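Structural features, examined
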Amino acid sequence: MDRIINELLKGRKSCHCGLKHECSIDNVIIEKNAINKIPSLLNGYMYKKIVLVADNNTYKVCGQRIYELLVSSN
């Protein structure tokens, strides 16, 4: 899984479908308590609005905590 993510982060990736896919993600952190790093990752960016997308299940698992981190870091 990490190999696939790292390949996408390098830029365009040829696919068996014949198209090239691109991922414009700056950071991927896979570790215990990675959610706590969200405020520091956003430092230096001038975001006016942030959209948090979650369904009922993911909001209960981590969405609420992310929301609280974002609100408290403003």
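Residues numbered from 1 in each chain as written. Predicted model: local features only at pLDDT ≥ 70, side-chain atom pairs only at ≥ 80, totals over all residues. Heavy atoms only, no water.

1. Describing the overall build of the protein
Threshold: The way it works is that DSSP assigns letters per residue, a run of H or I at least four long becomes a helix, a run of E at least two long becomes a strand, and they are numbered from the N terminus. Note on definitions: a residue-residue contact is assigned when non-hydrogen atoms from the two residues lie within 4.5 Å. In these tables, accessible area is a Shrake-Rupley quantity obtained with a 1.4 Å probe, and a residue counts as shielded only by the protein chains included in the view.
Scanning the protein from terminus to terminus reveals three helices and two strands. Mapped in sequence order, the helices and strands of the protein form the string α-β-β-α-α. Pairs at least 24 apart in sequence give 32% of the contacts found in the protein among residues at least 6 apart. Total accessible area on the protein stands at roughly 6,700 Å², and carbon and sulfur atoms take up 53% of it.

2. Considerations on helix α3 (residues 56-72)
Stated formally: Here the bend at a residue is taken as the angle between two axes, fitted respectively to the seven residues that end there and the seven that start there. Each residue's exposure class comes from its accessible area (1.4 Å probe, protein chains only) as a fraction of the maximum for that residue type: buried when under 20%, exposed when over 50%, partly exposed otherwise. Counted as a polar contact is a pair of N or O atoms within 3.5 Å, where, for protein atoms, one must be capable of donating a hydrogen and the other of accepting one, and residues adjacent in sequence contribute only when both atoms are in side chains.
The largest bend along α3 reaches roughly 55° and is located at cysteine 62. Within α3, burial applies to Gly63, Ile66, Leu69 and Leu70. Elements in contact with the buried residues of α3: α2 (38-42). Sitting at the head of α3, aspartate 55 places a side-chain oxygen 3.1 Å from the backbone nitrogen of asparagine 57.

3. Here's the deal with the layout of surface pockets
Just so we agree on the cut-off: The definitions used throughout rest on a 1 Å grid laid over the protein atoms alone, on which a cavity is an enclosed set of points accommodating a 1.4 Å probe that cannot get out and a pocket is an open set flanked by protein within 12 Å on both sides along at least five of seven lines; lining residues are those having an atom within 4 Å of a point. Grid points are joined across faces, edges and corners, and a volume is the space filled by probe spheres set on the points. Side-chain classes are defined by residue name, with Ala, Val, Leu, Ile, Met, Phe, Trp, Tyr, Cys and Pro counting as nonpolar, Asp, Glu, Lys and Arg as charged, and the others, Gly among them, as polar.
A volume near 430 Å³ is recorded for the largest pocket. Looking at the largest pocket, the residues that line it are Ile25, Asp26, Asn27, Ile29, Ala34, Ile35, Ile38, Leu41, Leu42, Tyr45 and Tyr47. Considering only residue class, the lining of the largest pocket consists of nine nonpolar, one polar and one charged. Every residue lining the second largest pocket is counted, 15 residues in all, and those nearest its centre are Leu42, Ile50, Leu70, Ser73 and Asn74. The leading source of residues in the lining of the second largest pocket is α3, at three residues. Looking at the lining of the second largest pocket residue by residue, the classes come out as ten nonpolar, three polar and two charged.

4. So, a nonpolar patch on the surface
What counts is decided by this rule: Exposure above 30% relative accessible area and the lack of any salt bridge qualify a residue for a patch; like charges then connect within 9 Å, and the nonpolar side chains Val, Leu, Ile, Met, Phe, Trp and Tyr within 5 Å. A pair is scored as a salt bridge if a Lys or Arg side-chain nitrogen falls within 4 Å of a carboxyl oxygen belonging to Asp or Glu.
There is a patch of nonpolar side chains on the surface, built from Leu52, Tyr59, Tyr67 and Val71 and spanning about 360 Å² of accessible area. Here tyrosine 59 shows up in helix α3. You can call tyrosine 59 partly exposed: its relative accessible area is 34%.

5. What about the pattern of salt bridges?
Throughout the structure, instances matching the rule amount to one salt bridge. Between lysine 37 and glutamate 31 there is a salt bridge; the shortest N-O distance is 2.8 Å. For glutamate 31, a relative accessible area of 43% gives the class partly exposed.

6. Quick notes on the confidence of the model for the protein
Quick reminder of the rule: Note: pLDDT gives the predictor's confidence per residue, expressed from 0 to 100.
Residue-level pLDDT values for the protein average 80, and 78% of them are 70 or greater. Strand β1 (residues 13-14) is the least confidently modelled element of the protein, averaging 64 in pLDDT, while α3 averages 91, the highest of any element.

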